[in-house]
Each structure stands twice: as C-alpha cells, then as structure tokens.
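Okay, here's what each chain looks like letter by letter:
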Amino acid sequence: MPVSEILDNPKAWRKHPEKQRNALRAALDHVGLVKPLIFNERTNRLVDGAARLDLARRDGQEMLPVIIVDLSEEEEALVLATLDPLSELAEVDTEALQRLLQEVSVDDVTLMELLTEIAADAGIAALDDLAGDDTMPAAGDGAAQDGMPPEDFPSYGEDIPTQFCCPKCGYRWSGKPDAGGADGSSHAKGGADGGDE
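A brief structural summary. Just so you know, these numbers come straight off a predicted model, no measurement behind them. (Residues numbered from 1 in each chain as written. Predicted model: local features only at pLDDT ≥ 70, side-chain atom pairs only at ≥ 80, totals over all residues. Heavy atoms only, no water.)

A few points about the environment of Leu 115
Within the secondary structure layout, Leu 115 lies in helix H5 (residues 109–121). Spatially, the C-alpha atom of Leu 115 lies 9.9 Å from that of Ala 23, the residues being 92 residues apart in sequence. (Helix = DSSP H or I, 4+ residues; strand = E, 2+ residues; numbered from the N terminus.)

In structure tokens, the structure reads:
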C-alpha cells in the first residue's frame, strides 16, 4: 500500500521512544520487515505499526505491506486499546527463551543490548554466542568477573553513566562502542559487529 495513503491514528495511545526506534531500525536493517502494518480501510487509519510507518516515512519508502481490516470506529478503538496489552499478557517460558537466544547471532550493538535486556528481564543471567564474531573471550579468559572489566579493557571514569553492555560477559562501559583500550583494540576482537562497531 502507498505510504502516503496511510493516515496516523489520532487515537493511538502508545509512544515510541528513540530507544525503541533504534532497536526497530536495527532489526529492520538485519532481517527486513516481517510484520505488515494493520490498516483500517473504513477510516483510512493505521491500527498497528506506527513506529514502522514512521521509519518508512523517514527513509522515503513509497510502499509498505499491510493487512487491511474493515472496522467501525468503535471496533477500531477496541483494537487500539487491547492489541498490544493482550500480547503483553503472555508469560515467558524462560527455558524456551534461553534456547531461542542461543540460536540468535547478531552484529548490531543495539540488537545485542535489546536481547541482553530481554534475557535479563526473564532472569537469564548471561547470553552466550550472541555476537556474530566467535572470538569473544569466554568466562575466565579475561572476561569481566563480578562487574570488573577484563585486564585489557581499561576504564576511564566510574562517574560516567554506562551506555553499552557486553552481552557475553556483562561488562558495562560508556562512550563509543568501539572505543576499546588505549591501544585501539576493542573489548571483543572484531567488535560487536565484525570490526566496525
């Protein structure tokens, strides 16, 4: 459907912060759009997919896949009020999530942070083998222990808020994700996205 024909929904109540948009952008860049937007043909308004629509507009995309529904104003309001909250009622099967995450390999720092957060929220302590680069150190091989950086990963101020987290060892740091040590090396050889984080 032409992006120009999809109207924003003035009744939409969910906001999409930049953190979510960045993670969505990274996912779209990694695998493309896998979930069509939902469009109400009766009102010509979007029912689901505001962040995806916004990114498509920013990128100058002309067409997007949509699922077309025919809803009254009242039905549209009900869907807007319940669609996302109904999904959020699902419970996490921690073992299944852990197995699934072991199959995931990403190069993008934003996606790694999202997956690490998902795992932590589910009570999964550490993610192994998430990075596309197999040269990340294993626990005991210079990896962070008890929140301490590996020996070859210097810190530059404990008062600086952390922005990045190694999904392998949990070490947190501030600044550019490829800042690394004083010699220019990064924490994990090749970095989180194959060398040019």
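Digging into the layout of surface pockets
Its volume calculated, the largest pocket comes out at about 1300 Å³. In terms of lining, the largest pocket is formed by 40 residues, of which the most central are Gln 20, Leu 24, Lys 35, Arg 52 and Asp 84. Going through the elements one at a time, helix H1 (18–31), strand E2 (45–48), helix H2 (50–59), helix H3 (73–88) and H5 are the ones with two or more residues in the lining of the largest pocket. Here the lining of the largest pocket is composed, by residue class, of 25 nonpolar, 7 polar and 8 charged. (1 Å grid on protein atoms, 1.4 Å probe; cavity = no way out; pocket = protein on both sides within 12 Å on 5 of 7 lines; lining within 4 Å. Points joined across faces, edges and corners; volume = space filled by probe spheres on them. Nonpolar A, V, L, I, M, F, W, Y, C, P; charged D, E, K, R; others polar.)

Description of the sheet that holds strand E3 (residues 66–69)
Strand order in the open sheet formed by 3 strands is E2-E1-E3, with mixed pairing between adjacent strands. This sheet does not close on itself; its edge strands, each paired only once, are E2 and E3. Along the sheet, successive strands turn relative to each other by an average axial angle of 35 degrees, direction set aside. Examined bridge by bridge, strand E1 (residues 37–40) and E3 share 4 bridges and lie parallel to one another. The residue of E3 that forms the bridge with Asn 40 is Val 69. Where H2 meets the sheet, it contacts E1 and E2, and its direction lies at approximately 125 degrees from that of E2. This element, H3, spans E1 and E2 of the sheet and lies at about 35 degrees to E2. (Pairing = 2+ DSSP bridges. Axes fitted to C-alpha atoms, helices over the stretch in contact; angles between N-to-C directions. Contact = heavy atoms within 4.5 Å.)

Some points on the pattern of salt bridges
All chains considered together, the criterion is met by 15 salt bridges. Where Arg 14 meets Glu 88, a salt bridge forms, and the shortest distance between an N and an O atom there is 2.7 Å. Highlighted residues: Arg 14 in the segment before H1 and Glu 88 in helix H3, separated in sequence by 74 residues. For Arg 14, a relative accessible area of 32% puts it in the partly exposed group. As a salt-bridge pair, Asp 48 and Lys 35 come within 3.4 Å of each other at their nearest N and O atoms. In this pair, Asp 48 sits in strand E2 while Lys 35 sits in the loop between H1 and E1, placing the two residues 13 residues apart along the sequence. Each of the salt bridges in this network shares a partner with another, and the network as a whole consists of Lys 11, Arg 45, Glu 73 and Glu 76. (Salt bridge = Lys/Arg side-chain N within 4 Å of Asp/Glu carboxyl O. Buried < 20%, exposed > 50% of the residue type's maximum accessible area, 1.4 Å probe, protein only.)

Re the pairing of E1
Burial of E1 is two-sided: the residues Leu 37 and Phe 39 facing one way and the residues Ile 38 and Asn 40 facing the other way are all buried. Bridge count for E1 against E2 is 3 bridges, and the pairing is antiparallel. Residue pairing for E2: Phe 39 is matched across the bridge by Leu 46. Linkage of E1 to E2, two consecutive antiparallel strands, is achieved through a turn of 4 residues, within which Asn 44 is found at a positive phi near 60 degrees.

A short note on the side chain of Asp 48
On the basis of relative accessible area, Asp 48 is assigned to the buried category, the value being 9%. In terms of polar contacts, Asp 48 uses its side chain to reach the side chain of Lys 35, at 3.4 Å. Setting aside chain neighbours within four positions, we find Asp 48 in contact with Lys 35, Leu 37, Ile 38, Leu 83 and Asp 84. (Polar contact = N/O pair within 3.5 Å; in protein donor to acceptor, adjacent residues only side chain to side chain.)

Here's the deal with the packing of H1 against H5
Running from N to C, H1 and H5 point in directions that differ by 115 degrees, and their axes come no closer than 9 Å. As judged from the angle between their axes, H1 and H5 are roughly perpendicular. Crossing angle aside, the handedness with which H1 passes H5 is left-handed. Facing H1, whose interface residues are Lys 19, Asn 22, Ala 23, Ala 26, Ala 27 and His 30, H5 presents Thr 110, Leu 111, Leu 114 and Glu 117. Grouping the amino acids of the contact of H1 with H5 by side-chain chemistry returns 5 nonpolar, 3 polar and 2 charged. (Parallel < 35°, antiparallel > 145°, perpendicular 65-115°, else oblique. Left-handed = near helix turned anticlockwise from the far one by under 90°.)

Points about unusual backbone geometry
Trans is the common state for peptide bonds, and a negative phi is the common state for residues other than glycine. The phi dihedral of Asn 44 falls on the positive side, at around 60 degrees, and the residue is not glycine. Along the chain, Asn 44 turns up in the loop between E1 and E2. For Asn 44, a relative accessible area of 38% gives the class partly exposed.

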